Amino acid sequence: MDIHAAALLGAGLAYGLAAIGPGIGIGIVAGNAVQAMVRQPEMAGQVRATMFLGIAFTEALALFGLLLFFILFGQA
Amino acid sequence: MILAQIVQVPSDINEMFDWPAILPFGINRVVLLMFLAAIVTFLFLYLPFRTPRIVPTKLQVAAEAAVEFVKKDIGRDIIGPESVNYEWLLIPMFFWILFLNILEVTPFINFPPTSRMAIPAFMAVFVYVVFLFVGMKKHGLRYLFRTVVPEGVPKALLVLVTPIEIISVFFIRPISLAVRLFANMLAGHIMLTVFFLTSAAYFVLSPKLLAFPIPFAFAVAITGFEIFVGVLQAFIFTLLTAVYIESSIHLEH
């Protein structure tokens, strides 16, 4: 396998693998936020802000994978 | 001439990453859009509050509601009563990033300047300097010590906790703050480009196939989604700025 093929393969794998963990994580965050909102509707606003905060932290990992995709794609 | 440069259509997709300068001092289209967003932000925050009325105009109602949202939901809810000292940072930052993001779906412009790394990176460095300065001013060098050696952690665990805290607070924080905004807007812009270009190519190359409505419908749906993402990313950037400032003020957690 030459270096360009390896870079392309790595680019695809980098984003694909980086999307797994944050996908599961955002699902857990949003699911638990929905549970909290249903149990205490009066706290819904605060729960929603905290949920977006948690999603932002989780999502950053997937975005690092996306950047890695562009870096490796540029190498190919 | 400048207006024509702002609304120009790039000849290929590589111009998204490599934009030529059109004016002295390396001013290119992205910088012009940045100035445009800054002017819009200034007018949005200046005109309605120059002569406030008892019976507000429409613009004043919108501006008051939006500014109150930043003051309360981002400032007071996160930082607490001391948020008054940091509103000079939070309010213009929120609206500037918001208008920069909304340029992504503005007709004839269709380019979010935040999808160039320079702007989010500079904002993140600015936020980094601000929250370090706030912590050092309030607690002195004890701020640095308490950040890397949190209170109540057993001594044996410090071998593990201190390097993690150093990396996460002083390196990952500014990088992830910049990358989050940048990569979100870049991904959205690429998605819109791909779907609109696909529908245009189907329409031009094989109009009898009648396949062009499918990617076009996706593109319209994603345009709506990108408005949501633009507002959300401006909110999250400002919210995280508030969270970092709060963690510098209150050391105990």
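Nothing here was measured: the structure is a model prediction, and the numbers come from that model.

What counts, and at which threshold
Residues numbered from 1 in each chain as written. Chains lettered and ligands numbered in written order. Predicted model: local features only at pLDDT ≥ 70, side-chain atom pairs only at ≥ 80, totals over all residues. Heavy atoms only, no water. Helix = DSSP H or I, 4+ residues; strand = E, 2+ residues; numbered from the N terminus. Buried < 20%, exposed > 50% of the residue type's maximum accessible area, 1.4 Å probe, protein only. Contact = heavy atoms within 4.5 Å. Rg over C-alpha atoms; globule rule 2.2 N^0.38 Å. Areas by Shrake-Rupley, 256 points an atom, 1.4 Å probe, with all protein chains shown as cover. Buried area = accessible area lost by both parts, 1.4 Å probe. Salt bridge = Lys/Arg side-chain N within 4 Å of Asp/Glu carboxyl O. Nonpolar A, V, L, I, M, F, W, Y, C, P; charged D, E, K, R; others polar. Core = buried A, V, L, I, M, F, W, Y, C linked by side-chain atoms within 4.5 Å. Expected span 1.5 Å × (residues − 1). Bend = angle between axes of the 7 residues up to and from the residue. Phe/Tyr/Trp six-rings, centres within 6.5 Å; stacked < 30°, edge-to-face > 60°. Axes fitted to C-alpha atoms, helices over the stretch in contact; angles between N-to-C directions. Parallel < 35°, antiparallel > 145°, perpendicular 65-115°, else oblique. Left-handed = near helix turned anticlockwise from the far one by under 90°.

K.L.:
Explain the overall build of chain B here, please?
P.N.:
Helix and strand counts for chain B come out as eight helices and zero strands. Each helix and strand of chain B, ordered N terminal to C terminal, gives the series α-α-α-α-α-α-α-α. Along the first, second and third principal axes, the C-alpha atoms of chain B reach 75 × 55 × 40 Å. When each of the 253 residues of chain B is scored for burial, the buried share is 43%. Here the analysis covers contacts within chain B between residues at least 6 apart in sequence; of these, 68% occur between residues at least 24 apart.

K.L.:
Any chance you could explain the overall build of chain A here in plain terms?
P.N.:
Tallying secondary structure elements over chain A gives two helices and zero strands in all. Taken over C-alpha atoms, the radius of gyration comes to 17 Å for chain A, far larger than the 11 Å a tight globule of 76 residues would show. Expressed as a percentage of its 76 residues, the buried residues of chain A come to 30%. Of the roughly 4700 Å² that chain A leaves accessible, carbon and sulfur atoms contribute 72%.

K.L.:
Explain the interface of chain A and chain B to me, please; I cannot follow it from the model alone.
P.N.:
Accessible area lost when the parts come together is the quantity often used to give the size of an interface. Taken residue by residue, the interface counts twelve residues in chain A and 20 residues in chain B. Both faces considered, chain A and chain B share a buried interface measuring about 1300 Å² in area, 86% of it formed by carbon and sulfur atoms. Linking chain A with chain B are zero salt bridges, by the criterion used here. Broken down by class, the residue content of the side of chain A that touches chain B amounts to eleven nonpolar, no polar and one charged.

K.L.:
Teacher, can you tell me more about the nonpolar core here?
P.N.:
A general feature of soluble globular proteins is that nonpolar side chains tend to end up buried together. Residues and elements named next belong to chain B. Ranked by size, the top nonpolar core spans 63 residues in total, and within it Ile74, Phe94, Phe95, Phe235, Phe237 and Ile245 carry the most contacts. The greatest single-element share of this core, amounting to twelve residues, is contributed by helix H8 (residues 213-249). Sequence-distant contacts of Ile245, that is, excluding residues within four places in its chain, are made with Ile79, Tyr86, Leu89, Val130 and Phe131.

K.L.:
What is the right way to look at helix H2 (residues 44-75) of chain A in this model?
P.N.:
Count 3.6 residues to each turn of an α-helix, and residues three or four apart come out pointing the same way. Counted at 1.5 Å a residue, the expected span for H2 of chain A with its 32 residues is 46 Å, and the 46 Å between its end C-alpha atoms agrees. At Ala60 of chain A, H2 of chain A is bent by approximately 30°, the largest bend along its length.

K.L.:
When you look at the packing of aromatic side chains in this model, what are you seeing that I'm missing?
P.N.:
Two aromatic rings are characterised by how far apart their centres lie and by the angle between their planes. Evaluated as defined, the whole model comprises 16 aromatic pairs over all chains. Aromatic side chains Phe94 of chain B and Phe95 of chain B sit 5.2 Å apart centroid to centroid with 85° between the ring planes, which places their arrangement in the edge-to-face category. Look at Phe94 of chain B and you get buried, because its relative accessible area is 4%. The class for Phe95 of chain B is buried, based on a relative accessible area of 2%. Ring geometry for Phe196 of chain B and Phe216 of chain B: centres 6.1 Å apart, planes at 70°, overall edge-to-face. Residue Phe196 of chain B is located in helix H7 (residues 158-205), and its partner Phe216 of chain B is located in helix H8; the two are separated by 20 residues in the primary sequence. Judged by relative accessible area, which is 35%, Phe196 of chain B ranks as partly exposed. Every member of this aromatic cluster is reached through a ring pair, and the members are Phe52 of chain A together with Phe44, Phe69, Phe94, Phe95, Phe99 and Phe235 of chain B.

K.L.:
When you look at the packing of helix H5 (residues 118-139) of chain B against H8 of chain B in this model, what are you seeing that I'm missing?
P.N.:
The angle between the axes and the distance between the axes are what describe a pair of packed helices. Residue and element names in this part refer to chain B. Packing of H5 against H8 leaves a shortest axis separation of 8 Å and a crossing angle of 20°. The pairing of H5 with H8 is recorded here as roughly parallel in orientation. Handedness of the crossing formed by H5 with H8: right-handed. Along the contact surface, H5 presents Met123, Ala124, Val127, Val130, Phe131, Val134, Gly135, Lys138 and His139, while H8 presents Phe237, Thr241, Tyr244, Ile245, Ser248 and Ile249. When its residues are assigned to classes, the contact of H5 with H8 shows ten nonpolar, four polar and one charged.

None of this, on its own, says anything about what the molecule does.
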